[in-house]
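The lines below spell out each chain.
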Amino acid sequence: MTTTALDSLDRLESEAVHIFREVAGEFDRPVILFSGGKDSTVLLHLAVKAFWPAPVPFPLLHVDTGHNFPEVLDFRDRTVERYGLRLLVARVQEWIDDGRLTERPDGTRNPLQTVPLLDTINEHRFDAVFGGGRRDEERARAKERIFSLRNAFGQWEPRRQRPELWNLYNGRHRPGEHVRVFPLSNWTELDVWRYIAREKVELPSIYFAHRRAVFERDGMLLTSGPWGGPRPGEPVRELTVRYRTVGDGSCTGAVESDAAGIDDVIAEVAASRLTERGATRADDRLSEAAMEDRKREGYF
């Protein structure tokens, strides 16, 4: 008898593939949240592996704030076309235009994603929603199980978390409820980048060092766009930067970096003492429990 030793990436990949197949067997209408960011791109790569040579049996869903970076949207559309998948786009602007949402005074739309997400889940009767959340990102996400039950209002109730022993996942839910599924829960940012390097996963150029006009606000480097800025007293400088995470442009900051290739990024992430959300996401700085508050309301 011969045995094959699995390294840490093999084990993480195997776990994620198992989770995708488990959901395919347990649920009727799953969907994958896909924004074109690094985590959701790795998530899609794993889904392709899980069902190859058959196509991915789930559609993709992107909640578009209208404040996304053009490079990321272009990459999203090219990726969907390459794999021949169906993409649903819930545009926050449509909810604002018909009065279901109101623009925030600070201009950020990240917190506004919850209502379009829940409305789209209800409209299409999705019962399992894959997300790229990882436990190392933020304290509230560290509390979450891989199978995370949401009630009929899409809300997260920490007290209803279920034990997950021996890779056994409980997907039971009542009509109207759904389950958020996080195959990358046990991954770290460094694991994601090492996997991207190993698998040669294509990413948007925004993740690598490039010259960009930015201004500083609350210790973060933001770029101007349809979300507004800079304000008076916020001088614009052209710096060599990259993005560790991508989201609503009004609250996603860049970091100064010369990491133009994957090996450079891996070395940079390995030396960092801050997670990407802690370093570059203003929406997580709104309060001590900003993420947990949003998750309780239905945020992913």
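Check the entry above for the structure.
In this text, all values refer to a predicted model and were calculated from it rather than measured experimentally. (Residues numbered from 1 in each chain as written. Predicted model: local features only at pLDDT ≥ 70, side-chain atom pairs only at ≥ 80, totals over all residues. Heavy atoms only, no water.)

Draft legend 1. Expanded view of the overall build of the protein chain. Across its full length, the protein chain carries ten helices and ten strands. Against the compact-globule benchmark of 19 Å for 300 residues, the protein chain has a radius of gyration of 19 Å, which places it among compact chains. Structurally, the protein chain occupies a C-alpha span of about 65 × 50 × 40 Å along its principal axes. Counting every atom, the protein chain has about 14100 Å² of accessible surface; 51% of that belongs to carbon and sulfur. For the protein chain, the distance from the average position of its 44 positive side-chain charges to the average position of its 49 negative side-chain charges is 3 Å. (Helix = DSSP H or I, 4+ residues; strand = E, 2+ residues; numbered from the N terminus. Rg over C-alpha atoms; globule rule 2.2 N^0.38 Å. Areas by Shrake-Rupley, 256 points an atom, 1.4 Å probe, with all protein chains shown as cover. Lys, Arg positive; Asp, Glu negative; His and termini not counted. Charge placed at Lys NZ, Arg CZ, Asp CG, Glu CD.)

Draft legend 2. Region of the structure containing the packing of aromatic side chains. Applying the stated criterion to the full structure yields ten aromatic pairs. Geometrically, the ring pair formed by F51 and F58 is edge-to-face, given 5.5 Å between the ring centres and 90 degrees between the ring planes. There is no split in this pair, since F51 and F58 are both buried. Here W193 and Y207 contribute two aromatic rings whose centre-to-centre distance is 6.0 Å and whose plane-to-plane angle is 75 degrees, an arrangement assigned as edge-to-face. (Phe/Tyr/Trp six-rings, centres within 6.5 Å; stacked < 30°, edge-to-face > 60°. Buried < 20%, exposed > 50% of the residue type's maximum accessible area, 1.4 Å probe, protein only.)

Draft legend 3. Region of interest: the side chain of R109. Within the element layout of this structure, R109 appears in the loop between α4 (92-97) and α5 (114-124). Reaching out from R109, the side chain makes a polar contact with the side chain of Q93 at a distance of 2.7 Å. With residues up to four places along the chain from it excluded, the contact list for R109 reads T65, G66, H67, V92, Q93, I96, E103, D248 and S250. (Polar contact = N/O pair within 3.5 Å; in protein donor to acceptor, adjacent residues only side chain to side chain. Contact = heavy atoms within 4.5 Å.)

Draft legend 4. Layout of the pattern of salt bridges. In the structure shown here, the tally under the stated rule is 25 salt bridges. We note a salt bridge from E234 to R217, for which the minimum N-O separation is 2.9 Å. Of this pair, E234 sits in the loop between β8 (220-222) and β9 (236-242) while R217 sits in strand β7 (residues 210-217), and the two are 17 residues apart along the sequence. R217 carries the same exposure label as E234, and that label is buried. Several salt bridges share partner residues, and in doing so they unite D7, D10, E13, K49, R198 and E199 into one network. (Salt bridge = Lys/Arg side-chain N within 4 Å of Asp/Glu carboxyl O.)

Draft legend 5. Structural detail: the sheet that holds strand β3 (residues 87-91). The strand order β3-β2-β1-β4-β6-β5 describes an open sheet built from six strands, whose pairing is mixed. Strands at the two margins of the open sheet, each flanked by one partner only, are β3 and β5 (147-150). Shown here is a sheet whose adjacent strand axes are inclined to one another by a mean of 30 degrees, direction ignored. As paired elements, strand β1 (residues 30-33) and strand β4 (residues 128-130) share three bridges and run parallel to each other. Paired with P30 across the strands is A128, a residue of β4. Strand contacts of helix α2 (residues 38-51): β1, β2 (60-64) and β4, with the helix running at about 140 degrees to β1, the strand carrying the most contacts. (Pairing = 2+ DSSP bridges. Axes fitted to C-alpha atoms, helices over the stretch in contact; angles between N-to-C directions.)

Draft legend 6. View of the nonpolar core. Core analysis: the largest hydrophobic core is formed by 56 residues, its most contacted members being F20, I32, F147 and W193. In terms of residue count, α2 provides more of this core than any other element does, eight residues in total. Look past the residues within four positions of W193 in its chain and what remains in contact with it is K38, L203, Y207, F208, R242, I262, V265, I266 and V269. (Core = buried A, V, L, I, M, F, W, Y, C linked by side-chain atoms within 4.5 Å.)

Draft legend 7. Just the sheet that holds strand β10 (residues 255-256), in detail. Within the open sheet, the four strands sit side by side as β8-β7-β9-β10. Their pairing is antiparallel. The open sheet has two free edges, formed respectively by β8 and β10, since each of these has just one partner strand. Strand direction decides the pairing type here: β7 and β8, joined by three bridges, are antiparallel. Bridge pairing in β8 places F215 opposite L222.

Draft legend 8. Quick look at the packing of helix α1 (residues 8-26) against α2. Running from amino to carboxyl end, α1 crosses α2 at an angle of 70 degrees, the nearest separation of the two axes being 9 Å. On the basis of their axis angle, the class for α1 and α2 is roughly perpendicular. Read as a crossing pair, α1 and α2 show a hand that is right-handed. On the side of α1, the interface is formed by E13, A16, V17, F20, R21 and A24, while α2 contributes L43, L46, A47, K49, A50 and F51. In the contact of α1 with α2, the residues fall into nine nonpolar, no polar and three charged. (Parallel < 35°, antiparallel > 145°, perpendicular 65-115°, else oblique. Left-handed = near helix turned anticlockwise from the far one by under 90°. Nonpolar A, V, L, I, M, F, W, Y, C, P; charged D, E, K, R; others polar.)

Draft legend 9. Molecular detail of the pairing of β5. Here β5 shows a buried face lined by F147 and L149 and a second buried face lined by S148 and R150. Where β5 lies against strand β6 (residues 178-181), four bridges are found, and the strand directions are antiparallel. Of the residues in β6, the one forming a bridge with R150 is H178.

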